[in-house]
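Examination of the molecular architecture
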Amino acid sequence: MPKAQETILEIDLKALKHNFEYLKSKTKNGTKILGVVKAFAYGNDANEIACYLQDLNIDYFAVAYVQEGISLRNAGVSKPILVLHPQAVNFKLLIKYCLEPNIYNAKILNDFIKIAEDENQENYPVHIKFNTGLNRLGFNENDIDDLVSKLKQTSSIKVTSIFSHLAASEDLNEKDFTLNQIQSFKNISENIIPKLGYKPLLHLCNTSGILNYPEAHFDMVRTGIGLYGFGNSEKENKHFKPIGILKTIISQIHIIEKGSSVGYNRAFKSDKQIKTATLPIGHADGIGRQYGNGKGFVIINGQKAPIIGNVCMDMVMVNITNIDCKEGDEVIVFDQKNTAEQLAETASTISYELITGISQRVKRVYLK
Ligand SMILES: *Cc1c(COP(=O)(O)O)cnc(C)c1O
């Protein structure tokens, strides 16, 4: 790969394949894999990634919103796509593009049945979500009788799957809580299946659930962050390869004299002579202000260069006092060794937030 000449996010598709195969090796033969490609596949590029995963014969996809699913269809994704948080205003479009809604409460159920009937649908695939402790979206167990009686009144929709979502699958201090969620999901499915009269797919686990709760894989597992190379623990990270490599270059080098300041609001004031590099990446690219003032750092010639002063919209300045480098040199923001997870930790956040925030302004380049 030639050196970066501007800010780019390289996407390593071989690493994606490695992560997919590792996750698959963690499930029993026959367990379906759903790839979560919401939010531009966590900031990477949903269309390219979904097409690649489709070629690897992944079973299912999920996005958060209808527009994301339409974009996948337009890119040639033909596998089923679950829409995790559909809005009733988009239901006609959802049907037009053969996207499958998460039905999580009575209102969304009624709204969807109405549109499905208007559109003359028969057995349109829907996914019923239950709340088992995250308290975000989902029916409760005591809604089952009303839910089933409503489902029996229409032939316009059919339940393809029943699912729930774990609240703390990566946190083994919350193991009892998670085991409770698993048990209540089992109870719910054992309660609803005889009433429905057929057995939909069951799925509960996200990436950390796959890794930490093999007994809870059911018929399908849903993975997002694992595909993109993070195992959410030191032990598991070793088995994954981050697929995104964010690079930039040095635009300009300055010698800052003792007593001078750097950047907006003079947030950094130098108590000695230092050398700084200005880089063409800022908060509009996804490196938020929380990384400024010495928290975050980049890697130049293998050495750490901390961000000094406030992060600007289009630029950051970093301290390169002891680093041998020149204008035009490549800079690593994160890669497979200095990971996005480590950089995220400097600002007390998680890999998910950093990588999903890399804005669409940053050019994506694929390593095939
Ligand atoms: C985002 C999401 C996932 C993916 O979680 P990861 O931790 O990234 O594997 C799975 N299921 C649901 C319902 C989600 O919203």
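Here is a short report on the structure shown in this document.

The next subject is the pairing of strand β5 (residues 100–103). Neither face of β5 is exposed, since E100 and N102 on one face and P101 and I103 on the opposite face are all buried. Bridge count for strand β4 (residues 81–83) against β5 is two bridges, and the pairing is parallel. Residue pairing in the sheet places L82 in a bridge with E100 of β5. As paired elements, β5 and strand β6 (residues 124–129) share two bridges and run parallel to each other. Paired with N102 across the strands is H127, a residue of β6.

Under the defined criterion, the tally for this structure stands at two cavities of 30 Å³ or more. Estimates place the volume of the largest cavity at around 50 Å³. As for the largest cavity, its lining consists of Y42, N44, Y228, F230, P242, I243, G244, F334, A340 and I355. Among the residues making up the lining of the largest cavity, the classes are represented as eight nonpolar, two polar and no charged. Viewed by domain, the lining of the largest cavity spans two of them, domain 1 (31–228) and domain 2 (244–367), each represented by three or more residues.

Moving on to the site of the ligand. Residues in close proximity to the ligand total 14 residues, the closest being K38, Y42, T207, I225 and Y352. In the environment of the ligand, an oxygen atom lies 3.4 Å from a nitrogen or oxygen atom belonging to the side chain of R136. Here an oxygen atom of the ligand and a backbone polar atom of I225 are 2.8 Å apart. When isolated, the ligand has an accessible area of 390 Å², and the protein chains bury 94% of it. Among the detected pockets, the ligand sits in the largest pocket. Those elements that place two or more of their residues in the shell around the ligand are α2 (38–43) and β9 (220–223). Residue composition of the shell around the ligand, grouped by class: five nonpolar, five polar and four charged.

Membership of the largest hydrophobic core comes to 108 residues, with the highest contact counts inside it found for F112, I300, V318 and F334. Both of domain 1 (31–228) and domain 2 (244–367) provide at least three residues apiece to this core. When neighbours within four sequence positions are excluded, I300 is seen to be in contact with I250, A305, V318, I320, I323, C325, E330 and V331. Counting residues in hydrophobic clusters, the runner-up holds seven residues, among them I256, F268, I308 and C312.

The space that makes up the largest pocket amounts to roughly 740 Å³. Of all the secondary structure elements, the ones that give two or more residues to the lining of the largest pocket are α2, α9 (207–212), β9, α11 (340–346) and α12 (351–356). A breakdown of the residues in the lining of the largest pocket according to their chemical character gives 13 nonpolar, 11 polar and seven charged. Two domains share the lining of the largest pocket, each providing at least three of its residues, namely domain 1 (31–228) and domain 2 (244–367).

What follows deals with the pattern of salt bridges. Tallied over the entire structure, the rule returns 14 salt bridges. Residues E6 and K363 are paired through a salt bridge, measuring 3.1 Å at the closest nitrogen-oxygen approach. Placement of E6 in the segment before β1 (8–12) and of K363 in strand β19 (residues 363–367) is noted, with a sequence separation of 357 residues between them. For E6, a relative accessible area of 39% corresponds to the partly exposed category. Notably, a salt bridge pairs K195 with D145, separated by 3.0 Å at the nearest N-O pair. Of this pair, K195 sits in helix α8 (residues 175–196) while D145 sits in helix α7 (residues 144–152), placing them 50 residues apart in sequence.

Time to look at helix α1 (residues 13–25). Compared with the 18 Å implied by 1.5 Å per residue over 13 residues, the 18 Å span of α1 between its first and last C-alpha is a close match. Buried within α1 we find L13, A15, L16, N19, F20, Y22 and L23. Among the residues of α1, the N-terminal cap falls to D12, whose side-chain oxygen and the backbone nitrogen of K14 are separated by 3.1 Å.

Cut-off values and rules
Residues numbered from 1 in each chain as written. Predicted model: local features only at pLDDT ≥ 70, side-chain atom pairs only at ≥ 80, totals over all residues. Heavy atoms only, no water. Buried < 20%, exposed > 50% of the residue type's maximum accessible area, 1.4 Å probe, protein only. Helix = DSSP H or I, 4+ residues; strand = E, 2+ residues; numbered from the N terminus. Pairing = 2+ DSSP bridges. 1 Å grid on protein atoms, 1.4 Å probe; cavity = no way out; pocket = protein on both sides within 12 Å on 5 of 7 lines; lining within 4 Å. Points joined across faces, edges and corners; volume = space filled by probe spheres on them. Nonpolar A, V, L, I, M, F, W, Y, C, P; charged D, E, K, R; others polar. Domains from an automatic or database assignment. Near = heavy atom within 4 Å. Polar contact = N/O pair within 3.5 Å; in protein donor to acceptor, adjacent residues only side chain to side chain. Areas by Shrake-Rupley, 256 points an atom, 1.4 Å probe, with all protein chains shown as cover. Sits in = over half its atoms within 2 Å of the grid points. Core = buried A, V, L, I, M, F, W, Y, C linked by side-chain atoms within 4.5 Å. Contact = heavy atoms within 4.5 Å. Salt bridge = Lys/Arg side-chain N within 4 Å of Asp/Glu carboxyl O. Expected span 1.5 Å × (residues − 1).

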